[in-house]
Amino acid sequence: MKLYCVGCGPGDPELLTVKAVNLIKSADIIFAPTAKEGKPSIALSVAQRYIDKSTRTISLIFPMIKDRELLKEYWKRNAEEIARTVRSEKMVVYLTVGDPTLYSTWAYIHNELKKNYSDIKIEVIPGITSMFAFAAQAKISLAEGDETLTIIPACYDLNRIKQTVSLSDTAIFLKDGRYFDVVIEMLADAGFADDSTIAVAQDVSVDGEIMKLSKLKDLRGMKGPVEKYFSILVAKKNDRR
Ligand SMILES: C[S@@+](CC[C@H](N)C(=O)[O-])C[C@H]1O[C@@H](n2cnc3c(N)ncnc32)[C@H](O)[C@@H]1O
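This structure is a prediction, so every number in the text was calculated from the model and none was measured.

### Points about the site of the ligand
Within the structure, the ligand sits among 23 residues, and Gly98, Thr129, Ser130, Leu174 and Val204 are positioned closest to it. Taken together, the residues of the shell around the ligand sort by class into eleven nonpolar, eight polar and four charged. Counting the residues that make up the shell around the ligand, at least three belong to each of domain 1 (2-125) and domain 2 (130-236).

Shown next as C-alpha coordinates:
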(Lines give C-alpha, C1' and ligand atoms only; values in the text may rest on other atoms or scores of the structure.)
Protein backbone atom coordinates (compact mmCIF):
# COMPACT_ATOMS: atom_id res chain seq x y z
CA MET A 1 0.00 0.00 0.00
CA LYS A 2 1.91 2.92 -1.33
CA LEU A 3 1.03 6.35 -2.66
CA TYR A 4 3.28 8.13 -5.15
CA CYS A 5 3.19 11.90 -5.13
CA VAL A 6 4.58 13.03 -8.47
CA GLY A 7 5.72 16.56 -9.28
CA CYS A 8 4.90 17.20 -12.93
CA GLY A 9 6.90 20.37 -13.54
CA PRO A 10 5.88 23.87 -14.61
CA GLY A 11 3.65 23.04 -17.59
CA ASP A 12 5.74 21.89 -20.56
CA PRO A 13 5.08 18.13 -20.91
CA GLU A 14 8.77 17.66 -21.78
CA LEU A 15 9.78 18.98 -18.35
CA LEU A 16 8.73 15.89 -16.38
CA THR A 17 11.39 13.52 -15.04
CA VAL A 18 11.69 10.00 -16.48
CA LYS A 19 10.61 8.64 -13.10
CA ALA A 20 7.49 10.83 -13.09
CA VAL A 21 6.51 9.67 -16.59
CA ASN A 22 7.04 5.99 -15.74
CA LEU A 23 4.86 6.24 -12.63
CA ILE A 24 2.12 8.15 -14.47
CA LYS A 25 2.12 5.52 -17.25
CA SER A 26 1.74 2.64 -14.82
CA ALA A 27 -0.91 4.18 -12.52
CA ASP A 28 -4.37 2.60 -12.14
CA ILE A 29 -5.75 5.79 -10.61
CA ILE A 30 -4.43 9.36 -10.73
CA PHE A 31 -5.65 12.05 -8.34
CA ALA A 32 -4.96 15.71 -9.08
CA PRO A 33 -5.97 19.00 -7.46
CA THR A 34 -8.28 21.60 -8.92
CA ALA A 35 -9.59 24.86 -7.42
CA LYS A 36 -13.27 24.47 -8.41
CA GLU A 37 -15.80 21.83 -9.35
CA GLY A 38 -15.70 21.40 -13.15
CA LYS A 39 -12.42 23.33 -13.57
CA PRO A 40 -9.80 21.17 -15.35
CA SER A 41 -6.80 20.24 -13.21
CA ILE A 42 -3.62 21.88 -14.54
CA ALA A 43 -1.49 19.00 -13.26
CA LEU A 44 -3.65 16.51 -15.18
CA SER A 45 -3.41 18.52 -18.38
CA VAL A 46 0.40 18.67 -18.10
CA ALA A 47 0.60 14.88 -17.71
CA GLN A 48 -2.22 14.04 -20.15
CA ARG A 49 -0.08 12.62 -22.96
CA TYR A 50 1.46 10.05 -20.57
CA ILE A 51 -1.83 8.83 -19.04
CA ASP A 52 -3.00 5.44 -20.29
CA LYS A 53 -6.59 5.13 -21.59
CA SER A 54 -7.36 2.56 -18.89
CA THR A 55 -6.22 4.85 -16.05
CA ARG A 56 -8.96 6.55 -14.04
CA THR A 57 -8.36 10.23 -13.28
CA ILE A 58 -10.03 11.97 -10.35
CA SER A 59 -9.91 15.72 -9.67
CA LEU A 60 -10.03 16.70 -6.00
CA ILE A 61 -11.23 20.16 -5.02
CA PHE A 62 -8.91 22.44 -3.04
CA PRO A 63 -10.70 25.82 -3.06
CA MET A 64 -8.66 29.04 -3.21
CA ILE A 65 -9.91 30.44 0.10
CA LYS A 66 -8.12 31.54 3.26
CA ASP A 67 -10.63 30.12 5.82
CA ARG A 68 -8.46 27.40 7.41
CA GLU A 69 -11.34 25.64 9.19
CA LEU A 70 -13.22 25.17 5.92
CA LEU A 71 -10.01 24.21 4.11
CA LYS A 72 -9.31 21.52 6.73
CA GLU A 73 -12.62 19.85 5.83
CA TYR A 74 -11.52 19.61 2.19
CA TRP A 75 -8.06 18.29 3.17
CA LYS A 76 -9.62 15.60 5.38
CA ARG A 77 -12.16 14.53 2.77
CA ASN A 78 -9.58 14.40 -0.02
CA ALA A 79 -7.06 12.46 2.07
CA GLU A 80 -9.77 10.01 3.08
CA GLU A 81 -10.65 9.35 -0.57
CA ILE A 82 -7.00 8.86 -1.52
CA ALA A 83 -6.38 6.54 1.45
CA ARG A 84 -9.43 4.41 0.63
CA THR A 85 -8.21 4.02 -2.95
CA VAL A 86 -4.64 3.15 -1.97
CA ARG A 87 -5.96 0.54 0.48
CA SER A 88 -7.86 -1.11 -2.38
CA GLU A 89 -4.41 -2.20 -3.65
CA LYS A 90 -4.48 -0.04 -6.76
CA MET A 91 -1.38 1.73 -8.04
CA VAL A 92 -2.20 5.32 -7.09
CA VAL A 93 -0.48 8.57 -8.07
CA TYR A 94 -1.18 12.06 -6.71
CA LEU A 95 -0.06 14.70 -9.21
CA THR A 96 1.05 18.23 -8.41
CA VAL A 97 2.28 21.15 -10.50
CA GLY A 98 5.99 21.97 -10.22
CA ASP A 99 7.56 20.37 -7.16
CA PRO A 100 5.37 18.81 -4.43
CA THR A 101 7.31 20.45 -1.59
CA LEU A 102 6.75 24.06 -2.66
CA TYR A 103 3.37 25.67 -1.84
CA SER A 104 1.57 22.54 -2.88
CA THR A 105 -1.75 20.92 -1.95
CA TRP A 106 0.39 17.84 -1.34
CA ALA A 107 1.54 19.24 2.03
CA TYR A 108 -2.02 19.05 3.39
CA ILE A 109 -2.67 15.58 2.02
CA HIS A 110 0.67 14.38 3.38
CA ASN A 111 -0.08 15.72 6.89
CA GLU A 112 -3.49 14.04 6.95
CA LEU A 113 -2.03 10.72 5.77
CA LYS A 114 0.75 10.82 8.38
CA LYS A 115 -1.78 11.60 11.12
CA ASN A 116 -4.66 9.30 10.23
CA TYR A 117 -3.46 6.70 7.72
CA SER A 118 0.03 5.78 8.87
CA ASP A 119 -0.16 2.32 7.24
CA ILE A 120 0.15 3.96 3.81
CA LYS A 121 3.71 4.29 2.55
CA ILE A 122 4.63 7.39 0.64
CA GLU A 123 7.14 8.20 -2.06
CA VAL A 124 7.59 11.76 -3.32
CA ILE A 125 9.00 12.36 -6.80
CA PRO A 126 10.46 15.85 -7.17
CA GLY A 127 9.48 18.05 -10.09
CA ILE A 128 11.02 21.08 -11.78
CA THR A 129 9.61 24.08 -9.97
CA SER A 130 8.13 27.01 -11.85
CA MET A 131 10.75 29.42 -10.51
CA PHE A 132 13.64 27.35 -11.92
CA ALA A 133 11.89 27.00 -15.28
CA PHE A 134 11.36 30.75 -15.18
CA ALA A 135 15.01 31.56 -14.38
CA ALA A 136 16.11 29.29 -17.22
CA GLN A 137 13.77 31.03 -19.69
CA ALA A 138 14.70 34.52 -18.50
CA LYS A 139 18.40 33.54 -18.52
CA ILE A 140 19.03 35.01 -15.08
CA SER A 141 20.89 33.38 -12.19
CA LEU A 142 18.92 33.39 -8.96
CA ALA A 143 21.90 33.40 -6.58
CA GLU A 144 25.68 33.56 -6.92
CA GLY A 145 28.50 33.19 -4.38
CA ASP A 146 27.32 34.40 -0.97
CA GLU A 147 24.07 35.96 -2.20
CA THR A 148 20.87 35.17 -0.32
CA LEU A 149 17.58 34.16 -1.90
CA THR A 150 14.12 34.53 -0.38
CA ILE A 151 10.87 32.97 -1.60
CA ILE A 152 7.67 34.84 -0.76
CA PRO A 153 3.96 34.24 -1.45
CA ALA A 154 2.75 37.62 -2.75
CA CYS A 155 -0.89 37.24 -1.77
CA TYR A 156 -0.40 37.56 2.02
CA ASP A 157 0.68 40.40 4.33
CA LEU A 158 3.78 41.88 2.71
CA ASN A 159 4.55 44.17 5.70
CA ARG A 160 5.44 41.03 7.63
CA ILE A 161 8.33 40.21 5.30
CA LYS A 162 9.64 43.68 4.42
CA GLN A 163 12.64 43.30 6.70
CA THR A 164 13.51 39.86 5.28
CA VAL A 165 13.26 41.26 1.76
CA SER A 166 15.53 44.19 2.65
CA LEU A 167 18.24 41.70 3.67
CA SER A 168 17.88 39.50 0.56
CA ASP A 169 19.96 39.85 -2.59
CA THR A 170 17.25 38.16 -4.63
CA ALA A 171 13.56 37.82 -3.79
CA ILE A 172 11.19 35.49 -5.65
CA PHE A 173 7.47 36.19 -5.42
CA LEU A 174 5.06 33.39 -6.22
CA LYS A 175 1.29 33.03 -5.89
CA ASP A 176 -0.64 35.56 -7.79
CA GLY A 177 0.52 38.18 -10.27
CA ARG A 178 -2.48 40.33 -9.37
CA TYR A 179 -0.55 41.44 -6.26
CA PHE A 180 2.63 42.43 -8.11
CA ASP A 181 1.77 46.19 -8.14
CA VAL A 182 1.92 46.12 -4.35
CA VAL A 183 5.10 43.98 -4.43
CA ILE A 184 6.87 46.55 -6.62
CA GLU A 185 6.08 49.40 -4.22
CA MET A 186 7.15 47.25 -1.25
CA LEU A 187 10.51 46.46 -2.93
CA ALA A 188 11.26 50.17 -3.25
CA ASP A 189 10.34 50.68 0.44
CA ALA A 190 12.52 47.70 1.41
CA GLY A 191 15.61 49.31 -0.10
CA PHE A 192 15.77 47.77 -3.59
CA ALA A 193 17.49 50.41 -5.75
CA ASP A 194 15.89 51.92 -8.85
CA ASP A 195 18.17 49.89 -11.13
CA SER A 196 17.36 46.53 -9.50
CA THR A 197 16.42 43.92 -12.11
CA ILE A 198 12.79 42.84 -12.05
CA ALA A 199 11.89 39.77 -14.09
CA VAL A 200 8.19 38.95 -14.36
CA ALA A 201 6.52 36.02 -16.05
CA GLN A 202 3.08 34.54 -16.53
CA ASP A 203 2.31 30.98 -17.70
CA VAL A 204 5.96 29.89 -17.85
CA SER A 205 6.64 27.07 -20.35
CA VAL A 206 3.06 26.89 -21.67
CA ASP A 207 1.12 28.59 -24.50
CA GLY A 208 0.67 32.31 -23.99
CA GLU A 209 3.79 32.67 -21.86
CA ILE A 210 4.63 36.28 -21.02
CA MET A 211 8.15 37.23 -19.89
CA LYS A 212 9.40 40.75 -19.13
CA LEU A 213 12.77 42.01 -17.88
CA SER A 214 12.77 45.57 -16.50
CA LYS A 215 14.32 47.89 -13.95
CA LEU A 216 12.42 48.66 -10.76
CA LYS A 217 12.17 52.36 -11.70
CA ASP A 218 10.39 51.49 -14.97
CA LEU A 219 7.65 49.52 -13.21
CA ARG A 220 6.87 51.84 -10.28
CA GLY A 221 3.42 53.39 -10.47
CA MET A 222 2.46 51.30 -13.51
CA LYS A 223 -0.57 49.02 -13.69
CA GLY A 224 0.29 45.37 -12.97
CA PRO A 225 2.96 43.88 -15.24
CA VAL A 226 0.97 40.59 -15.35
CA GLU A 227 -2.53 39.68 -14.28
CA LYS A 228 -2.82 35.96 -13.59
CA TYR A 229 -2.41 33.70 -10.57
CA PHE A 230 0.19 31.67 -12.49
CA SER A 231 2.85 34.38 -12.38
CA ILE A 232 6.29 34.87 -10.87
CA LEU A 233 8.31 37.97 -10.06
CA VAL A 234 12.05 37.86 -9.39
CA ALA A 235 13.73 40.97 -7.96
CA LYS A 236 17.54 41.11 -7.99
CA LYS A 237 19.60 43.79 -6.28
CA ASN A 238 22.44 44.60 -8.63
CA ASP A 239 24.55 46.53 -6.14
CA ARG A 240 27.04 43.72 -5.43
CA ARG A 241 28.21 43.33 -9.05
C1 LIG B 1 0.30 26.71 -5.47
S2 LIG B 1 1.83 27.33 -6.07
C3 LIG B 1 2.56 25.88 -6.72
C4 LIG B 1 4.05 25.97 -6.91
C5 LIG B 1 4.61 24.70 -7.51
N6 LIG B 1 4.55 23.61 -6.55
C7 LIG B 1 6.04 24.87 -8.03
O8 LIG B 1 6.93 24.10 -7.63
O9 LIG B 1 6.26 25.74 -8.87
C10 LIG B 1 1.25 28.13 -7.49
C11 LIG B 1 2.15 29.29 -7.87
O12 LIG B 1 3.31 28.76 -8.53
C13 LIG B 1 3.69 29.63 -9.57
N14 LIG B 1 3.60 28.88 -10.84
C15 LIG B 1 3.44 27.55 -10.97
N16 LIG B 1 3.51 27.19 -12.28
C17 LIG B 1 3.71 28.33 -12.98
C18 LIG B 1 3.87 28.64 -14.36
N19 LIG B 1 3.84 27.69 -15.30
N20 LIG B 1 4.07 29.93 -14.71
C21 LIG B 1 4.12 30.91 -13.78
N22 LIG B 1 3.96 30.68 -12.47
C23 LIG B 1 3.77 29.41 -12.06
C24 LIG B 1 2.75 30.84 -9.53
O25 LIG B 1 3.36 31.81 -8.70
C26 LIG B 1 1.52 30.25 -8.87
O27 LIG B 1 0.76 31.25 -8.25
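### Considering the domain arrangement of the protein chain
Here the protein chain is described as being made up of domain 1 (2-125) and domain 2 (130-236). Listed as interface residues are six residues of domain 1 and, on the opposing side, eight residues of domain 2. Of the residues assigned to the side of domain 1 that touches domain 2, the class counts are three nonpolar, two polar and one charged.

### Here we look at unusual backbone geometry
Across residues other than glycine, the phi torsion is negative in most instances, and most of the peptide bonds are trans. With phi around 70 degrees, glutamate 89 is a residue other than glycine that occupies positive phi space. One can find glutamate 89 in the loop between helix H3 (68-87) and strand S4 (92-96). Take glutamate 89: there are 9 C-beta atoms within 10 Å of it, and that puts it in the exposed class. One non-glycine residue with positive phi stands out, namely aspartate 203, at about 55 degrees. Considering the arrangement of structural elements, one finds aspartate 203 in the loop between strand S8 (197-202) and strand S9 (210-215).

Definitions and limits used
- Residues numbered from 1 in each chain as written.
- Predicted model: local features only at pLDDT ≥ 70, side-chain atom pairs only at ≥ 80, totals over all residues.
- Near = placed C-beta within 6 Å.
- Nonpolar A, V, L, I, M, F, W, Y, C, P; charged D, E, K, R; others polar.
- Domains from an automatic or database assignment.
- Contact = placed C-beta atoms within 7 Å.
- Helix = DSSP H or I, 4+ residues; strand = E, 2+ residues; numbered from the N terminus.
- Buried ≥ 20, exposed ≤ 12 C-beta atoms within 10 Å, placed from the backbone.

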